[in-house]
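An overview of the molecular structure
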Number of protein chains: 2
Amino acid sequence: MVDAIANNCPLCTTDGGVLVFRNDQVRVVQAIEPGFPAFYRVVWHTHVAEFSDLTPGERDSCMNTVVTVEQVLREHLQPTKINLAALGNAVPHLHWHVIARFDWDSHFPGSVWAAPQRDAQTHRLTELAVQCNQVNRLLAAKLAE
Amino acid sequence: MVDAIANNCPLCTTDGGVLVFRNDQVRVVQAIEPGFPAFYRVVWHTHVAEFSDLTPGERDSCMNTVVTVEQVLREHLQPTKINLAALGNAVPHLHWHVIARFDWDSHFPGSVWAAPQRDAQTHRLTELAVQCNQVNRLLAAKLAE
């Protein structure tokens, strides 16, 4: 049994971004990552490090949330690609990155953790950030269903 | 309905690594990534780009394979952290990276796609590569259950 709360863990002590939705197991936040407005995280509330620390039912629940976020991003933003990742090397508290990527973004086709490949496109980022305000509302509604 | 096979896709025309296991939906390969012997991929056979292109049952099946790989890596290699990712920006054919990360590896705690943080440790990598030969056999047996 792992501790439910780890005092020094930023995902135990903060939401980890702009709160979009939460239920009793999981929350969805919009990350605050310059250059990537459509960067979301699905954070498991309990402090566990690895996806396989969850029970099969918890994994289903977690991935259903990840997939719903992916579906809303695809439908409303038509990204070039969705990136999903659970890394946690720096913050070993289970969280899934769900990122809508665009062929014009600063790092594409590299990962968001790689070196940038071009300058950020301010106009497009501003437009995307506005769209994400709407996405946040859609996500909250869809995830509450 | 997407095409089952895309001619120019490297994951339609090759295994994408050293084949460890395959069934009718999915295969597990050991990636050939210098510095990361314990880098595996779960490749969905059909050419779909996104995880949410799968049906719910297919997603369960896919993630069950991912979790089994994760569990075997954790049990036999005791990594510092497992990294899971489905990116596909360069190769938009659904594949999950399942990577056992160690605090001594060249990129830790960065992602394997980020810049290296230290030199590769040849002795430890050689030892890990030997362990992975055993992991490959254990994976094949476990996934066949």
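Whatever comes next refers back to the structure up there.
Quick caveat, the model's predicted, so the values are computed rather than measured. (Residues numbered from 1 in each chain as written. Chains lettered and ligands numbered in written order. Predicted model: local features only at pLDDT ≥ 70, side-chain atom pairs only at ≥ 80, totals over all residues.)

1. Topic: the overall build of chain A
Across its full length, chain A carries three helices and five strands. In chain A, the succession of α and β elements from N to C terminus is α-β-β-β-α-β-β-α. Its C-alpha atoms give chain A a radius of gyration of 15 Å, near enough to 15 Å, the size a compact globule of 145 residues would have. Projecting the C-alpha coordinates of chain A onto the three principal axes gives extents of approximately 45 × 35 × 25 Å. (Helix = DSSP H or I, 4+ residues; strand = E, 2+ residues; numbered from the N terminus. Rg over C-alpha atoms; globule rule 2.2 N^0.38 Å.)

2. A short note on the pairing of strand β4 (residues 81-86) of chain A
For β4(A), the tally of buried residues reaches six of six residues, placing the bulk of the element in the interior. Across five bridges, the pairing between β4(A) and strand β5 (residues 95-101) of chain A is antiparallel. By the bridge assignment, I82(A) is partnered in β5(A) with A100(A). Relative to strand β4 (residues 81-86) of chain B, β4(A) runs antiparallel, the two being bridged by three bridges. Bridge pairing in β4(B) places A86(A) opposite L84(B). (Buried ≥ 20, exposed ≤ 12 C-beta atoms within 10 Å, placed from the backbone. Pairing = 2+ DSSP bridges.)

3. A look at the relation of the copies chain A and chain B
Laying chain A over chain B is done by rotating through 180 degrees and shifting 0.0 Å along the axis; what remains is an RMSD of 0.0 Å. Interpreted geometrically, this transformation is the action of a two-fold axis. A share of 100% of the interface residues of chain A reappears at the interface of chain B, consistent with the copies meeting face to face through the same patch. (Least-squares fit on C-alpha atoms with pLDDT ≥ 70 in both. Contact = placed C-beta atoms within 7 Å.)

4. Thoughts on the pairing of β5(A)
Residue and element names in this part refer to chain A. Of all seven residues making up β5, seven are buried, and the element is well covered by its neighbours. In β5, alternate side chains face the same way, and those of H95, H97, I99 and R101 on one face and W96, V98 and A100 on the other are all buried. Summarising the sheet, strand β3 (residues 39-44) and β5 pair through five bridges and their orientation is antiparallel. Its bridge partner being in β5, V43 is matched across the sheet by H95.

5. As for unusual backbone geometry
Residues and elements named next belong to chain A. For the peptide bond that leads from F108 to P109, omega is 5 degrees, which places it in the cis range. Following the sequence through the fold, P109 ends up in the loop between β5 and α3 (122-144). Notably, Q78 is not glycine yet its phi reads approximately 45 degrees, a positive angle. Looking at where Q78 falls in the secondary structure, it is placed in the loop between α2 (56-77) and β4.

6. A few points about the sheet that holds strand β2 (residues 26-30) of chain A
Two orientations exist for strands paired in a sheet by backbone hydrogen bonds: parallel and antiparallel. Strand order in the open sheet made by the ten strands is β1(A)-β2(A)-β3(A)-β5(A)-β4(A)-β4(B)-β5(B)-β3(B)-β2(B)-β1(B), with antiparallel pairing throughout. Across the chains shown, the open sheet's two edge strands, defined by having one partner strand only, are β1 (18-22) of chain A together with β1 (18-22) of chain B. In this sheet, adjacent strand axes meet at a mean angle of 20 degrees when their direction is disregarded. Sheet topology places strand β2 (residues 26-30) of chain B next to strand β3 (residues 39-44) of chain B; five bridges connect them, and they run antiparallel. Of the residues in β3(B), the one forming a bridge with R27(B) is V43(B). Packing of α3(A) onto the sheet brings it into contact with β1 and β2 of chain A, and relative to β1(A) it is tilted by some 20 degrees. (Axes fitted to C-alpha atoms, helices over the stretch in contact; angles between N-to-C directions.)

7. Details of the interface of chain A and chain B
Opposite the 28 residues of chain A that make contact, chain B presents 29 residues. Of all elements in the fold, only α2 and β4 of chain A reach the threshold of two or more residues within the side of chain A that touches chain B. Class assignment of the residues belonging to the side of chain A that touches chain B gives a composition of 15 nonpolar, seven polar and six charged. (Nonpolar A, V, L, I, M, F, W, Y, C, P; charged D, E, K, R; others polar.)

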